[in-house]
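Chain by chain, the residues run as shown.
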Amino acid sequence: MIYSLISSPINRNDGDLTDARLAAALLLQRRARAWLRWRKKLRRKQRSRAAKLIQRSVRTGLLLRVVANPFIAITAASSGSEGADDE
């Protein structure tokens, strides 16, 4: 398919030039595909890193909320029970 796109009717008799064009086209295609694979891989890495950061921040926020609530509840309960014992 690429061969028919690259070679023109003028150069069909000149095999060396046609082969060189074909080789250049295949090399260009290979490099373009490699570059696209690299970009896809880079985007995947960036998405993964972003997801990890979001998970870490959510987990930290939830842990702080869970740790802070029992402390506040214990503090409130102990201050309330001390007032009840004194009376």
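You'll find the structure just up there.
Described below are features of the structure shown in this document. (Residues numbered from 1 in each chain as written. Predicted model: local features only at pLDDT ≥ 70, side-chain atom pairs only at ≥ 80, totals over all residues. Heavy atoms only, no water.)

### Let's talk about the overall build of the protein
Right, so step 1: The helix and strand tally for the protein stands at 2 helices and 0 strands.
Right, so step 2: Expressed as a percentage of the 87 residues in the protein, the buried residues total 6%.
Right, so step 3: Of the accessible surface of the protein, which amounts to about 7900 Å², a share of 61% is contributed by carbon and sulfur atoms. (Helix = DSSP H or I, 4+ residues; strand = E, 2+ residues; numbered from the N terminus. Buried < 20%, exposed > 50% of the residue type's maximum accessible area, 1.4 Å probe, protein only. Areas by Shrake-Rupley, 256 points an atom, 1.4 Å probe, with all protein chains shown as cover.)

### Section: a nonpolar patch on the surface
Right, so step 1: Together, Trp-35, Leu-36, Trp-38 and Leu-42 make up a nonpolar patch on the protein surface, roughly 430 Å² of accessible area in all.
Right, so step 2: Residue position: Leu-42 is located in helix H2 (residues 15-86). (Patch = residues over 30% accessible without salt bridge, like charges linked within 9 Å, V, L, I, M, F, W, Y side chains within 5 Å. Salt bridge = Lys/Arg side-chain N within 4 Å of Asp/Glu carboxyl O.)

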